[in-house]
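Chain by chain, the residues:
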Amino acid sequence: MKEEKFKLLENLGGGGFGRTYKAQVLDNNLKKEWGDIVSIKVPHNKLKEKTLLKEAFKYEKLKDIESKNIVQYFDFDLYKEQYVLVLEYVVGQSLDKLLKRKKKLTANESLDIIEQCCEGLIAAHKVGIFHRDIDPSNILICDKNNIVKISDFGIAEILRSSEESHEISGKLDYMAPEVFEGKGSFSSDIWSLGVTLYQILTGRLPFSGKDQDEIMNNVCNKEPIPPTEIDRNIDNKISQIVLKALKKDPEERYRTASEFLKDIKFYRNKKDVGDLLNLSIAEAWDLFRDGKIRETEEKLKKTLAEYPNNPYGYLSLGEFYNRCEQYALAIDVFNEGIKVIPNQLLYRDLAISLYQKGRVKEAIESLQEAIALGLEDTVKWRATNLLRLWESKLGKTEKVKKIITQQKVDVVLIVAVDGPMKGHKFIIKKKLITVGRDENNDISLPLDLTVSRKHTLISCEDGKYWIEDTNSSNGTFIEEFRINKKGPLPNGTLFKVGETILKFRRYGIFYDTYLKIVEKLK
Ligand SMILES: Nc1ncnc2c1ncn2[C@@H]1O[C@H](COP(=O)(O)OP(=O)(O)OP(=O)(O)O)[C@@H](O)[C@H]1O
Ligand SMILES: [Mg+2]
């Protein structure tokens, strides 16, 4: 029996797609990548598994999201002959479990959570992935440090896009009105987060109903009661923020997670440099997502000029160039940043640009530098994977090079032993070799005017060399005899074209030796 890579430890619960388990990683190599414990999502049934399989390639994209506020997606793998998703395991609890105990949270607690969710959304939206199913059960809070992580990113969207019926999956209470019409997009995630904020602040949902129809009707047509009317302790400004996230028309809603975050931060009067810089960068990425390339570059350059001592300015501008496939510009920006402030992420991103430029060895060095400087766990995981991939690629190209250079090849050495071009040497690795006065011949004899433009042809067939005259005026001779039809050309033969006597030799030599000789003869 095949050895399993995982051992299930605990059933954590389940939702629309399948069940989630805490699992131990048994495979040592995988352990190095993911750590000892992961979470595994097992589809409910064969149909769901089939969907999963069909869309597997899309999951790769999830690896591009980089944020501590997102549960890291690791892989898509087989467990007991069933395809499952492997994700980071979060030691903590989901927001819905917390709400079961506490019913509602203070404004500060609520905003702490939502701010981090916004950061997660910014990172995912930046790479073009939206969640579609944000609700308190998909918001996890780490026990250790209260870091908030959104789970199941992109999964609902991927599954939905592959379901022929396009049935509405997910929880209606958290769905934006446009989702019911199949027009979900990035701002639908903001709606769902708005519903969540409403719920944790007030202890109740903004739109409810006795059945699905009533909920849908309320979501689409009813205005929610402002949070401050439910609880006078809730500041009117927060109430306004929540209501803006819940605007039915996506155009009136916060268009982006960074706009949402900005309002929260300004309300909380958190205006430290890091926040403002991050917001400015987030706004730039929003422009990028909307296809405003020139504006993105301007905004990022301006941000960098404002915060020249912060690595994130360089990181973002460099990443922008990377994404525009302007790797040389990216390399400059990262190097400049490294000069100002050596930072692991700068080394990591520099590595990516170098790799794209085909400078694989330097890329590997830069990536090693980044890892040595100490990357955050999930970032390190990705960097280590990349390093392994690059090293194996480099190994392969070196191997291929070695195989090629160690191969013996047949080459022909023709030396002019007499005549106007005496001393000239030609080394050729070809099956057809032309001799003549013109430059485009393999053996060109421009100094011998008695040679025709195209004079003689040497060919290799079945491992033997042959010579023939190609209608030259003066003929081709072997030892005084003019050849009038194609004949054998044994090793060491002297032949004469015009006034030039050439010596023909064939060799079996190593390819790298051949390259060296060619270099020498140049
Ligand atoms: N990566 C994870 N690490 C730790 N616990 C998790 C993880 N993902 C989910 N859980 C826990 O498992 C429970 C079940 O999660 P699951 O995603 O299967 O269902 P759901 O979130 O309730 O519904 P759905 O995601 O389908 O909308 C969650 O409430 C959460 O407590
Ligand atoms: Mg979930």
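Residues numbered from 1 in each chain as written. Chains lettered and ligands numbered in written order. Predicted model: local features only at pLDDT ≥ 70, side-chain atom pairs only at ≥ 80, totals over all residues.

Undergrad: Could you give an account of the site of ligand 1, naming the residues involved and the relevant values?
TA: Neighbouring ligand 1 are 21 residues, the closest being Leu-12, Gly-13, Gly-15, Thr-20 and Ser-137. When residues of the shell around ligand 1 are traced back to their parent elements, those giving at least two are β1 (6-14), β2 (18-25) and β5 (82-88). Sorting elements by how many residues they give to the shell around ligand 1 places β1 first, with three residues. (Near = placed C-beta within 6 Å. Helix = DSSP H or I, 4+ residues; strand = E, 2+ residues; numbered from the N terminus.)

Undergrad: I'd love a proper account of the pairing of strand β18 (residues 494-497), names of residues and values included.
TA: On β18, burial follows the alternation: Phe-495 and Val-497 on one face are buried, whereas Leu-494 and Lys-496 on the facing-out side are not. Looking at chain direction, strand β15 (residues 476-478) and β18 are connected through two bridges and run antiparallel. Among the inter-strand pairings, Thr-476 is bridged to a residue of β18, identified as Val-497. Sheet topology places β18 next to strand β19 (residues 500-510); four bridges connect them, and they run antiparallel. Within β19, the residue paired with Lys-496 across the bridge is Ile-501. Counting the residues in the hairpin turn of β18 and β19 gives two residues, including Gly-498, whose phi is positive at 55 degrees. (Buried ≥ 20, exposed ≤ 12 C-beta atoms within 10 Å, placed from the backbone. Pairing = 2+ DSSP bridges.)

Undergrad: I'd like a rundown of the packing of helix α16 (residues 327-340) against helix α17 (residues 344-356), residues and numbers included.
TA: Remark: α16 packs on α17, axes separated minimally by 9 Å, with the N-to-C direction vectors making an angle of 155 degrees. Comparing their axes, α17 and α16 come out roughly antiparallel. Handedness of the crossing formed by α16 with α17: left-handed. Here α16 contributes Tyr-327, Ala-330, Ile-331, Phe-334, Asn-335, Gly-337 and Ile-338 to the contact with α17, which in turn contributes Leu-346, Tyr-347, Asp-349, Leu-350, Ser-353, Leu-354 and Gln-356. (Axes fitted to C-alpha atoms, helices over the stretch in contact; angles between N-to-C directions. Parallel < 35°, antiparallel > 145°, perpendicular 65-115°, else oblique. Left-handed = near helix turned anticlockwise from the far one by under 90°. Contact = placed C-beta atoms within 7 Å.)

Undergrad: Just give me the short version of unusual backbone geometry, but keep the residues and values in it.
TA: With a phi angle near 45 degrees, Lys-80 is a residue other than glycine that sits in the positive phi range. Within the secondary structure, Lys-80 is located in the loop between β4 (73-79) and β5. Here Glu-325, not a glycine, exhibits a phi torsion of approximately 60 degrees, which is positive. By the element assignment, Glu-325 lies in the loop between α15 (311-323) and α16. On the neighbour-count criterion, Glu-325 (10 C-beta atoms within 10 Å) is exposed.

Undergrad: So what's going on with the pairing of strand β11 (residues 432-436)? Residues and values would help.
TA: Here β11 runs beside strand β13 (residues 456-461); their pairing, made up of four bridges, is antiparallel. Along β13, the bridge assignment pairs Ile-433 with Ile-458. In terms of strand pairing, β11 meets strand β12 (residues 443-444) through two bridges, oriented parallel. Looking at β12, one finds that Gly-436 is bridged to Ser-444.

Undergrad: Quick rundown of the nonpolar core? Include the residues and the values.
TA: Ranked by internal contacts, the top residues of the largest apolar core, which has 94 residues, are Val-38, Ile-40, Cys-117, Ala-245 and Ala-351. Considering each element in turn, this core owes the most residues, nine residues, to helix α5 (residues 107-126). Aside from chain neighbours lying at most four places away, what touches Val-38 is Ala-23, Val-25, Phe-74, Val-86, Leu-87, Glu-88 and Tyr-89. By size, the runner-up hydrophobic cluster in this structure holds 16 residues, among which are Met-421, Val-435, Leu-445 and Phe-495. (Core = buried A, V, L, I, M, F, W, Y, C linked by C-beta atoms within 7 Å.)

Undergrad: Requested: an account of the sheet that holds β13, with residues and values cited.
TA: With mixed pairing, five strands are arranged side by side in an open sheet as β12-β11-β13-β14-β17. Every other strand in the sheet has two partners, leaving β12 and β17 (487-488) as the edge strands with one partner each.

Undergrad: Report on the environment of Glu-283, specifying residues and quantitative values.
TA: With respect to the helices and strands, Glu-283 occurs in helix α13 (residues 273-289). For the pair Glu-283 and Thr-256, spaced 27 residues apart in sequence, the C-alpha to C-alpha distance is 8.5 Å. Contacts of Glu-283, omitting those with residues within four sequence positions, involve Ser-258 and Lys-299.

Undergrad: Would you mind going over the environment of Phe-320 in detail, with residue names and values included?
TA: As for its position among the elements, Phe-320 is in helix α15. C-beta crowding within 10 Å serves as the criterion here: with 23 such atoms nearby, Phe-320 is assigned to the buried category. Linking Phe-320 and Leu-304, residues 16 residues apart in sequence, is a C-alpha distance of 12 Å. With sequence-adjacent residues up to four places away left out, Phe-320 is seen in contact with Phe-288, Thr-296, Glu-297 and Leu-300.

Undergrad: Can you break down the packing of α5 against helix α8 (residues 186-202) residue by residue, with the values?
TA: The geometry of α5 relative to α8 is characterised by a closest axis approach of 10 Å and an angle of 165 degrees between their N-to-C directions. By the angle between their axes, α5 is roughly antiparallel relative to α8. The interaxial crossing formed by α5 with α8 has right-handed handedness. Of the residues in α8, those in contact with Ala-107, Ser-110, Ile-113, Ile-114, Cys-117, Leu-121 and His-125 of α5 are Phe-186, Asp-189, Leu-193, Leu-197, Ile-200 and Leu-201.

Undergrad: Run through the environment of Tyr-254, naming residues and quoting values.
TA: Relative to the helices and strands, Tyr-254 is located in the loop between α11 (236-245) and α12 (257-267). When the C-alpha atoms of Tyr-254 and Trp-191 are compared, they prove to be 8.6 Å apart, with 63 residues separating the residues in sequence.

Undergrad: Residues and numbers for the sheet that holds strand β3 (residues 37-43), please.
TA: Read across the sheet, five strands follow the order β1-β2-β3-β5-β4 without closing on themselves; strand pairing throughout is antiparallel. The open sheet is flanked by β1 and β4, the only strands paired with a single partner. Sheet twist, expressed as the mean angle between neighbouring strand axes with direction ignored, is 30 degrees. Each of β2, β3 and β5 touches helix α2 (residues 46-54); the most contacted strand, β5, lies at about 65 degrees to it.

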